[in-house]
Amino acid sequence: GNSVTQMEGPVTLSEEAFLTINCTYTATGYPSLFWYVQYPGEGLQLLLKATKADDKGSNKGFEATYRKETTSFHLEKGSVQVSDSAVYFCALHGGAQKLVFGQGTRLTINP
Amino acid sequence: DAGVIQSPRHEVTEMGQEVTLRCKPISGHDYLFWYRQTMMRGLELLIYFNNNVPIDDSGMPEDRFSAKMPNASFSTLKIQPSEPRDSAVYFCASSLAQLGRAGELFFGEGSRLTVL
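Just so it is clear, the model here is predicted, and its values are computed rather than measured.

J.: Run through the packing of aromatic side chains, naming residues and quoting values.
T.: How two aromatic rings sit relative to each other is set out by the distance from centre to centre and by the angle between their planes. Considering all chains together, one arrives at 12 aromatic pairs over all chains under this definition. Ring centres of Tyr35 of chain B and Phe107 of chain B lie 5.6 Å apart, and the angle between their planes is 45°; this geometry places the pair in the tilted category. One end of the pair, Tyr35 of chain B, is in strand β4 (residues 31-38); the other, Phe107 of chain B, is in strand β10 (residues 106-107), with 72 residues separating them in the sequence. A relative accessible area of 0% places Tyr35 of chain B in the buried class. Since its relative accessible area comes to 10%, Phe107 of chain B is described here as buried. Among the aromatic residues, those joined into a cluster by ring pairs are Phe34, Tyr36, Phe89 and Phe101 of chain A together with Phe33, Tyr35, Tyr48, Phe91 and Phe107 of chain B.

Set out below in structure tokens:
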């Protein structure tokens, strides 16, 4: 079945460091891929998405490229800020109205 | 426009009590979802509705859980009787379009349930 595997957290970085959060998926066909972010005490919100192979989603300085050959959708940011501290979820559209979420990666950025 | 509104934000109850969680989706959204978030199992889809009709409830853990959507602006998730293992954060989400290429889920802030 469809599944998403994220790198385990927590991840702790210093401000202005480079960020990568790995995400790989297993799915039939060519699913749409997403990154959602959950700030403390809030619900999840869409950060970026990509709907076909080689697409790059980007938002707020974050980027992720849909790599069909490696079934990956890694999240990157060149210079993180304290305000980026949150839990990040990789997800795929598994057909019908179901999003399959990864376990989430908690990111903490220290000043 | 207001986002998805959930209540209560926090609920502490004793085992065996009935719990009702409430959700108001974003106006005009045709789809409503209930998710449960725990440390052990992550985010799980419990049930979703389309135009107030339950479409897929295969994620509802057992008969103690029930969900209704009597109209386009209101849904409830009920647990009766509640058990300690039901302790979790329950999220309601809505979407305007079908998920995938065009759709996006909009989440509420969640209801944190603690069953003692």
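J.: Which residues make up the interface of chain B and chain A, and what values do they have?
T.: In this assembly, 28 residues from chain B lie in contact with 19 residues from chain A. Summed over both partners, the interface of chain B with chain A comes to about 1,800 Å²; 51% of that surface belongs to carbon and sulfur atoms. Linking chain B to chain A there are 0 salt bridges. The tally of links between chain B and chain A comes to 3 residue pairs in polar contact (both at pLDDT 80 or more). Counting residues per element, the ones that place at least two in the side of chain B that touches chain A are β4, β5 (42-50) and β9 (88-95) of chain B. Class assignment for the residues of the side of chain B that touches chain A results in 14 nonpolar, 8 polar and 6 charged.

So, how was this worked out
Residues numbered from 1 in each chain as written. Chains lettered and ligands numbered in written order. Predicted model: local features only at pLDDT ≥ 70, side-chain atom pairs only at ≥ 80, totals over all residues. Heavy atoms only, no water. Phe/Tyr/Trp six-rings, centres within 6.5 Å; stacked < 30°, edge-to-face > 60°. Helix = DSSP H or I, 4+ residues; strand = E, 2+ residues; numbered from the N terminus. Buried < 20%, exposed > 50% of the residue type's maximum accessible area, 1.4 Å probe, protein only. Contact = heavy atoms within 4.5 Å. Buried area = accessible area lost by both parts, 1.4 Å probe. Salt bridge = Lys/Arg side-chain N within 4 Å of Asp/Glu carboxyl O. Polar contact = N/O pair within 3.5 Å; in protein donor to acceptor, adjacent residues only side chain to side chain. Nonpolar A, V, L, I, M, F, W, Y, C, P; charged D, E, K, R; others polar.

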